[in-house]
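Take a look at the letters that make up each chain.
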Amino acid sequence: MPSPDGSEITYRFGDFELLPHERMLTRGGSRVPLTPRALDLLLALVKSEGRLLSKETLLNTVWVDAAVEEGNLNRTISALRKALGETRNELKYIETVPKAGYRFVAVVEKRSSTKDFPDALHLQETGNSVESTPRPELSTGHTTRRGRRFALGAIAMIAIALLVSYVLVIYLTSRFTEGDAKFGVPADRTSIVRLTNNGFDEDSASWTSDDRIRFLRFSAMNKVESMIMNADGSDQRRAGVEIKDFLAGTWSPDGRRVLYSKEAASSRTPFAANADGTNEQKLPFNIGPFDWSPDGTKIVYSSNFPTESDSGEIVLYSFQTGELTNLTNHPAFDANPSFSPDGQQIIFNSDRDGNAEIYLMNVDGTGIRRLTNDPAKEAFQAFSPDGTQIVFNSNRDNEKVGVYLINVNDDSQPVKLSDTKYNAEIRPGCWSPDGTKIVFTSDRDGDKFNVYSMTVEPAKAKEIMTDSGDEVRAVAISQDGKYFALGVKVADGKGELRILDIASGRTTTLTSAENYDLMPNWSPDGKAIAFAMKSGGNTEIFTIKTDGTDLKNLTHDDARDGGPAWSPDGSKILFSSDRDGRSEAVHLFSMNTDGSDVARFTTRWGYEMTPAWSPDGKTIAYACDRRDGSSQVLDIFAADPADPGTERVLTKRRFHDTNPSFSPDGSRIAFVSQSDGNFEIYLINADGSGLVRVTRDAGDDMTPVFSNDGAKIYFVSNRSGKFGLYEMNVQ
């Protein structure tokens, strides 16, 4: 594949290099074995420059010489992901767009093969780094029983040789749920797992992006060492040994750079370098607790450490420009800053209102607002990976420190995740990449602080329907709240449309189908169900009465039609279709309930999917991937059905948001998001404000619908190993 100047074009992403002219993929100079189809598929995705490619487009491109089914594409995608080293919870290269296709999401550098690639530091500093290396810990310090009190008396850290010799100190204690956890085994009735078991104190535990855990270990003579291990506690070993005289450090989010202290230098002297020790530089200032920006080009830190000053500031430092910016400029003591996942906000502690509380500000120091308000002391706050929630330490329960969770975007009260007896400490970076767990240090099993993990889902989901042979894959609820319509995957891989009587638990099968992704939707009068069923190899919109009679095909089109949604007055059905003749786009269409008068809902180009009507019929919410720059992935959009030109974006985030569903009063919308790699359920207000994550589980949570009183949501999930029906309180 020559470039205009005659040289061969190659593509580089992460530590991979794709050489089309050689029909070869390499990693670190070694060839990665791929089948010819997998190589063609990878090339098509990489050349798309981040655009979404539909399944039909990929089938027609890669299998142009053969007639194959969608299963061939799915298997090849799976094999390609395995070759690229992707895991279930970290899809760094290939992103699945539900019901549509795939997108290559890694940063790709297109180069002539005769040119050299920039080194890792240059990529980092120009903002072109690829998330192909572990996310670091975002640690800030260690707690000890000794030390002196500073202005934020309840915040704990000890003198460590990492960056400072004296830091804020007081002993914070915490009691977690009762249970006798053994090494690597969850305690009874708890979600806590002990990961380390030794005679040394440990601190500053945090997760990497490849699902490992970094932490500090204070070994003989209280010598601090940077450690790394697998998420189950295995393979514990020292980190940073590539750097001469390395003592302890904190890695940038892409793992390419590290800020550290050296054995031969003053314990307060910080150094920064590439992870292999090259390009080392001594920073011209001393810093207290700090955090790397998500792109690794900046740090934010606490100044005036380790002085006895009553004031401290939050300072931003740019490695690219060498500029120092004081963000707070307040006579109070401000400390323990941490970046939001998008790098646009910073959370920190301050006693500016007379007590140690948590505050949020923009990355330029503007827009400061208080998040907590309690006589207790709050400390060591950490954003969840999706940026919607924060965990923090507090001694608000009988002066014992607990771990609490608070929403960033509403005024709800913090939820306590722990009980109150043992000491427990969290630090920035404590969240697992998928946002379902936190890692922390505790002395719950002795007098030394060791590393533990715990699951984070404060509102526990309750499984309300399982079947030994079948799986519930979609749910809809009748207007009176008495019945569920279920799309069920049966044992042979096909589907059935069923009705579940909620009171009696009795199910009735209405019809069988070639497919199981039926996407049912009740008519407003409760007498019929619209759904998407494959007929003769093509997916159409059908309706059927709730007694199983009067099955009707409404669409009769060669295109793939899906996601039907009945209008509240029962006169129209919205659905998605690629019937415009271009497989790389799907649009919303409306029709009468007899299938007549089919018309495009909007005139703009892009993907439009999974529509939902507000109860008053004045708003339609849908997932949309606009091609005009208003969105880059599937976001939740809303528009007036009488004037689709009023379209507005309700969510605008880094990964796909789909399947919106209105609450009965129309004030809230539940939807599904892939923000942390798997499908989770979120809530927003109808105007797009108040974003909060509802479920936090390693399984996939799908198709949320509200109960008729709005107090619960029902959804399907495979969190128990297979898809079943669940409910969760959302009040």
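**Side note on the overall build of the protein chain**
- The number of helices and strands found in the protein chain is four helices and 56 strands.
- A sequence separation of at least 24 residues applies to 43% of the contacts in the protein chain between residues at least 6 apart.
- Total accessible area computed for the protein chain in this model is approximately 28,700 Å², and 45% of it derives from carbon and sulfur atoms.

**Considering the pairing of strand 48 (residues 635–640)**
- Extensive coverage of strand 48 is indicated by the burial of five of its six residues.
- Alignment of strand 47 (residues 620–626) against strand 48, held across five bridges, turns out to be antiparallel. Bridging across to strand 48, Cys624 finds its partner in Asp635.
- By the bridge criterion, three bridges tie strand 48 to strand 49 (residues 643–649) in an arrangement that is antiparallel. The residue of strand 49 that forms the bridge with Asp640 is Asp643.

**Looking at the environment of Lys489**
- Within the secondary structure, Lys489 sits in strand 35 (residues 483–489).
- Distance from Lys489 to Leu518, taken between C-alpha atoms, is 9.5 Å for residues 29 residues apart in sequence.
- Apart from residues no more than four positions distant in its own chain, Lys489 is found in contact with Asp470, Glu471, Arg473, Lys494 and Tyr516.

**A word on the sheet that holds strand 9 (residues 192–194)**
- Reading across from one edge, 9-32-31-30 is the order of the four strands in this open sheet, with antiparallel pairing throughout. Each edge of the sheet is formed by a strand with only one pairing partner; in this case those strands are strand 9 and strand 30 (424–425).
- Where strand 30 and strand 31 (residues 437–442) come together, two bridges link them in antiparallel fashion. Bridge pairing in strand 31 links Ala424 to Ser442.

**A word on empty space enclosed by the protein**
- Taken as a whole and judged by the stated rule, the model has two cavities of 30 Å³ or more.
- In this structure, the largest cavity spans a volume of roughly 270 Å³.
- Lining the largest cavity are 23 residues, with Lys99, Arg560, Gly562, Ser576 and Val586 positioned closest to its centre.
- Those elements that provide at least two residues to the lining of the largest cavity are helix 2 (55–62), strand 42 (561–566), strand 43 (572–577) and strand 46 (606–613).
- Residue composition of the lining of the largest cavity, grouped by class: six nonpolar, nine polar and eight charged.

**Examining the nonpolar core**
- By size, the foremost hydrophobic cluster in this structure holds 28 residues, and its most contacted members are Phe13, Leu18, Leu42, Leu45, Leu84, Ile94 and Phe104.
- Elements with a contribution of two residues or more to this core: strand 1 (9–13), strand 2 (16–19), helix 1 (36–47), helix 2, helix 3 (70–83) and strand 7 (101–104).
- When residues in this core are grouped by element, the largest group, seven residues, is from helix 1.
- In this view, Leu84 contacts Phe13, Phe16, Leu25, Arg27, Leu42, Tyr93 and Ile94; residues no more than four positions away in its chain are not counted.

**With respect to the confidence of the model for the protein chain**
- Summarising the model, the protein chain shows a mean pLDDT of 80, and 82% of its residues fall at 70 or more.
- The element-level mean pLDDT for the protein chain is lowest in helix 4 (residues 120–125), coming to 24, with strand 38 (residues 521–522) highest at 96.
- Across residues 113–190 the pLDDT falls below 50, and counting only partners more than four positions away or on other chains, this stretch makes 298 contacts in the model.
- In the predicted structure, residues 305–309 sits below a pLDDT of 50 and forms 19 contacts with residues beyond four places in sequence or in another chain.

**So, the side chain of Thr555**
- Residue placement: Thr555 occurs in the loop between strand 41 (552–553) and strand 42.
- Judged by relative accessible area, Thr555 falls into the buried class, the value being 10%.
- At 3.0 Å, the side chain of Thr555 and the backbone nitrogen of Ile541 are in polar contact.
- Those residues in contact with Thr555 that lie beyond four places of it in its chain are Glu540, Ile541, Asp561, Phe575, Arg579 and Met591.

**Thoughts on the packing of helix 1 against helix 3**
- The contact between helix 1 and helix 3 brings their axes to 10 Å, and the two run at 85°. When the interaxial angle is binned, helix 1 and helix 3 end up roughly perpendicular. Listed contacts from helix 3 to Arg37, Ala38, Leu41, Leu42 and Leu45 of helix 1 are Leu73, Thr76, Ile77 and Leu80.
- For the contact of helix 1 with helix 3, the per-class residue count stands at seven nonpolar, one polar and one charged.

**Observations regarding the pattern of salt bridges**
- If you walk through the whole model with that rule in mind, you get 35 salt bridges.
- When the shortest N-O distance is used, the salt bridge between Arg27 and Asp15 registers 3.3 Å. Here Arg27, found in strand 3 (residues 24–27), pairs with Asp15, found in the loop between strand 1 and strand 2; they are 12 residues apart in sequence, far enough to count as distant.
- Looking at Arg27, the relative accessible area reads 33%, which means it is partly exposed.
- The residue Arg560 makes a salt bridge to Asp517 at a minimum N-O spacing of 3.5 Å.

**Structural notes on helix 3**
- If you check helix 3, its first and last C-alpha atoms are 20 Å apart, about what 14 residues at 1.5 Å a residue would give, namely 20 Å.
- Listing the buried residues of helix 3 in full gives Leu73, Thr76, Ile77, Leu80 and Arg81. One side of helix 3 carries all its buried residues, which in axial view fall inside an arc of 140°. Exposed side of helix 3, more than 90 degrees from the buried face: Arg75 and Lys82 are the residues found there.
- Here the buried face of helix 3 lies against helix 1, helix 2, strand 6 (94–97) and strand 7.
- Positioned one or two residues after helix 3, Gly85 has a phi angle of 80°, which is positive.

**Let's talk about the environment of Asp211**
- Along the chain, Asp211 falls in the loop between strand 10 (201–207) and strand 11 (212–218).
- Separated by 222 residues in sequence, Asp211 and Pro433 have C-alpha atoms that sit 6.9 Å apart.
- Every residue in contact with Asp211, bar those within four places of it in the chain, is listed here: Ala231 and Pro433.
- A polar side-chain atom of Asp211 sits 2.9 Å from a polar atom in the side chain of Trp207.

What counts and how
- One numbering rule holds for all chains: residues counted from 1, following each sequence as written.
- Per-residue local features of the predicted model are confined to residues with pLDDT of at least 70, and side-chain atom pairs are confined, for both listing and counting, to 80 or more; whole-chain, interface and lining totals are unaffected and use all residues.
- In computing side-chain properties, one takes all heavy atoms of the structure into account and sets aside hydrogens as well as water.
- By the criteria applied, helices consist of DSSP H or I runs no shorter than four residues and strands consist of E runs no shorter than two, each listed in order from the N terminus.
- Contacts are residue-level and defined by heavy atoms, with any inter-residue pair within 4.5 Å sufficient.
- Calculation of accessible area relied on Shrake-Rupley with a 1.4 Å probe; when residues are assessed, cover is drawn exclusively from the protein chains displayed.
- Relative accessibility decides the category of a residue: with a 1.4 Å probe and only protein chains considered, values under 20% of the type maximum give buried, values over 50% give exposed, and everything between is partly exposed.
- A pair of strands is considered paired only if DSSP assigns at least 2 bridges between the two.
- Grid points spaced at 1 Å over the protein atoms alone were grouped into cavities, where a 1.4 Å probe fits but cannot get out, and pockets, open sets with protein on both sides within 12 Å along at least five of seven lines, with lining residues defined by an atom within 4 Å of a point.
- Grid points are joined across faces, edges and corners, and a volume is the space filled by probe spheres set on the points.
- Each residue gets one of three labels, nonpolar for Ala, Val, Leu, Ile, Met, Phe, Trp, Tyr, Cys and Pro, charged for Asp, Glu, Lys and Arg, and polar for the others, Gly among them.
- Put simply, a nonpolar core is a bunch of buried Ala, Val, Leu, Ile, Met, Phe, Trp, Tyr and Cys residues held in one set by side-chain atoms that sit within 4.5 Å of each other.
- A residue's pLDDT is the confidence the predictor assigns to it, expressed on a 0 to 100 scale.
- The definition of a polar contact used here is a pair of N or O atoms within 3.5 Å, where within protein one atom must be able to donate a hydrogen and the other to accept one, and adjacent residues in sequence count solely through side-chain atom pairs.
- Simply put, an axis is a line fit to the C-alpha atoms, just over the touching stretch for a helix, and the angle between two N-to-C directions goes from 0 to 180 degrees.
- Oblique is the label for any angle not covered by the other classes, which are roughly parallel (under 35 degrees), roughly antiparallel (over 145) and roughly perpendicular (65 to 115).
- Counted as salt bridges are all cases of a side-chain nitrogen of Lys or Arg within 4 Å of a carboxyl oxygen of Asp or Glu.
- To estimate the expected span of a helix, count its residues, drop one, and scale the result by 1.5 Å.
- The arc in question is the one spanned by the directions pointing from the helix axis to the C-beta atoms.

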